[in-house]
Amino acid sequence: MEGPRVAVIGATGAVGEVFLRIVEERSFPFSQLRLCATERSAGKMLTVRGKEYTVETTTPELFDNVDIAFISATTEASKHYGPIAAERGALVIDDSSAFRMNPQVPLVVPEVNGDDLEHHRGIVAIPNCSTTPLVMVLKPLSETNPIRRVIADTYQSVSGTGSAAVAELREQVGQVLNNEPIRSSVYPNQIAFNVFPHIDSFQENGYTKEEMKMVQETRKILHLPELPVSATCVRVPVNISHSEAVHIEFERPIEPATVREILSKCPGVKVLDDPATDVYPMPIKAEGTDDVLVGRIRKDLSHPNGIALWLSCDNLRKGAALNAIQIAEEVLRRKLLPRQGKVMAWQS
Ligand code: A2P
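Note that this is a predicted model, so its numbers are computed, not measured.

Draft legend 1. Spatial organisation of the site of the ligand. Taken together, 18 residues lie around the ligand, and Thr12, Thr38, Arg40, Ser41 and Ser163 are the ones closest in. Backbone polar atom of Gly10 to an oxygen atom of the ligand: 3.4 Å apart, as the coordinates give it. Between the ligand and Thr38, the relevant distance is 2.4 Å, taken from an oxygen atom to a side-chain nitrogen or oxygen of the residue. Compared with its free state, where it exposes 580 Å², the ligand has 77% of that area covered by protein. Of the residues in the shell around the ligand, the class split is 7 nonpolar, 10 polar and 1 charged.

Draft legend 2. Layout of the packing of helix H4 (residues 131-142) against helix H6 (residues 209-222). With their axes 10 Å apart at the nearest point, H4 and H6 run at an angle of 40° to one another. Judged on the interaxial angle alone, H6 and H4 are oblique. Considering only the axes of H4 and H6, their crossing is right-handed. Contacts between H4 and H6 involve Thr131, Leu134, Val135, Leu138 and Lys139 on the former and, on the latter, Lys213, Met214, Glu217, Thr218, Ile221 and Leu222. Per-class residue counts for the contact of H4 with H6 are 6 nonpolar, 2 polar and 3 charged.

Draft legend 3. Inspection of the nonpolar core at higher detail. Val294 and Leu309 are the most contacted members of the largest nonpolar core, which has 58 residues in total. The biggest single contributor to this core is H4, with 6 residues. Shared between two domains, this core takes at least three residues from each, and those domains are domain 1 (5-128 + 320-340) and domain 2 (131-157 + 195-315). Apart from the residues within four sequence positions on either side, Leu309 is in contact with Val137, Glu244, Ala245, Val246, Ile248, Val294, Gly295, Arg296, Ile297 and Arg298.

Draft legend 4. Geometry of helix H9 (residues 317-333). The first and last C-alpha atoms of H9 sit only 21 Å apart over 17 residues, clearly below the 24 Å expected at 1.5 Å per residue. At Asn323, H9 shows its largest bend, some 40°. Remark: Lys335 follows H9 within two positions and exhibits a positive phi of approximately 55°.

Draft legend 5. Region of interest: the domain arrangement of the protein chain. Per the domain assignment, the segments making up the protein chain are domain 1 (5-128 + 320-340) and domain 2 (131-157 + 195-315). Computed over C-alpha atoms only, the centres of domain 1 and domain 2 are separated by 26 Å. Taken residue by residue, the interface counts 17 residues in domain 1 and 17 residues in domain 2. For domain 1, the biggest contributors to the area lost against domain 2 are Met101, Val112 and Asn128; these three give 40% of the whole. Along the contact surface separating domain 1 from domain 2 lie 1 salt bridge. Residue Glu217 pairs with Arg100 through a salt bridge whose shortest N-O separation is 3.0 Å. Where domain 1 meets domain 2, there are 10 residue pairs in polar contact (both at pLDDT 80 or more).

Cut-offs and rules
Residues numbered from 1 in each chain as written. Predicted model: local features only at pLDDT ≥ 70, side-chain atom pairs only at ≥ 80, totals over all residues. Heavy atoms only, no water. Near = heavy atom within 4 Å. Polar contact = N/O pair within 3.5 Å; in protein donor to acceptor, adjacent residues only side chain to side chain. Areas by Shrake-Rupley, 256 points an atom, 1.4 Å probe, with all protein chains shown as cover. Nonpolar A, V, L, I, M, F, W, Y, C, P; charged D, E, K, R; others polar. Axes fitted to C-alpha atoms, helices over the stretch in contact; angles between N-to-C directions. Helix = DSSP H or I, 4+ residues; strand = E, 2+ residues; numbered from the N terminus. Parallel < 35°, antiparallel > 145°, perpendicular 65-115°, else oblique. Left-handed = near helix turned anticlockwise from the far one by under 90°. Contact = heavy atoms within 4.5 Å. Core = buried A, V, L, I, M, F, W, Y, C linked by side-chain atoms within 4.5 Å. Buried < 20%, exposed > 50% of the residue type's maximum accessible area, 1.4 Å probe, protein only. Domains from an automatic or database assignment. Expected span 1.5 Å × (residues − 1). Bend = angle between axes of the 7 residues up to and from the residue. Buried area = accessible area lost by both parts, 1.4 Å probe. Salt bridge = Lys/Arg side-chain N within 4 Å of Asp/Glu carboxyl O.

Written out as structure tokens, the structure reads:
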């Protein structure tokens, strides 16, 4: 069979599972598929395109015979295996925060900055699952009217934390309904019937790491290193799909109708904006779909050049697995695999 030799590190996880379904849906080409995780999952069977694969323990040697390694495991696993895989000749497409701000590493959303792939050195990072939908909206608007400031407040689902968090929400819902004591092990607080403004660790400046990821990654992807961005990231008791309330200040005034028109022409973005008939994005509408859903587009009353909008996006698909596969498709289209000889070597 034609296609690259592919390894998926984290194949048994929340993103890994969706990744394998998208490989099937998009008929992503591969000549060999290795599904990897920790020793805990070794021996487990997973089916892809009707064929059964045995999950393997991840090892350094594995990458000698791999052209593309998708890593969606833990940040520690990425830090460990990312450089090893790149040094052994694989292209790493990494879903963690380990390399996103490394100047050697392009941070890519193909619709926004696919050209950045040309400079990769063996590792490409995908953005945080809240950054991706934000830049999908900001980029096309900024081409019409430069953006001066962005405020994004998120409503992030539990699947962004992984399958253990999805299980914790489910268990806690049962505990609340049955009047039982609430047990939290994944999160610092009860997530069932609650929300909390705490994703990742708190930093010295009072923001969380997740919020600072949105600030720094947005600037890097848009090539606007000074862009003022502020975020508040909130965990909500939703299984899949992140939402965001976004306030954008432009250089000049812009009409909501213009924003709707621009966004409705963007691949990967779908405008759902008819409040009169209760049509607007919601996590349950975004779940299982590929588009960033955008609605509630209106003038921001607090600024003459401001627009307020609301978006929802499946964090496991465009926020993670789909974006990773689209990067791989773009790399293949541009013939940028390390073993094809065009890219510079990774330097740890
Ligand atoms: P395992 O199933 O063996 O624990 P989630 O995001 O849903 O928590 O899933 C995390 C995924 O990453 C799982 O597939 C998990 O494997 C995998 N994983 C975690 N740590 C490592 C590691 N050090 N090396 C390889 N895979 C890892």
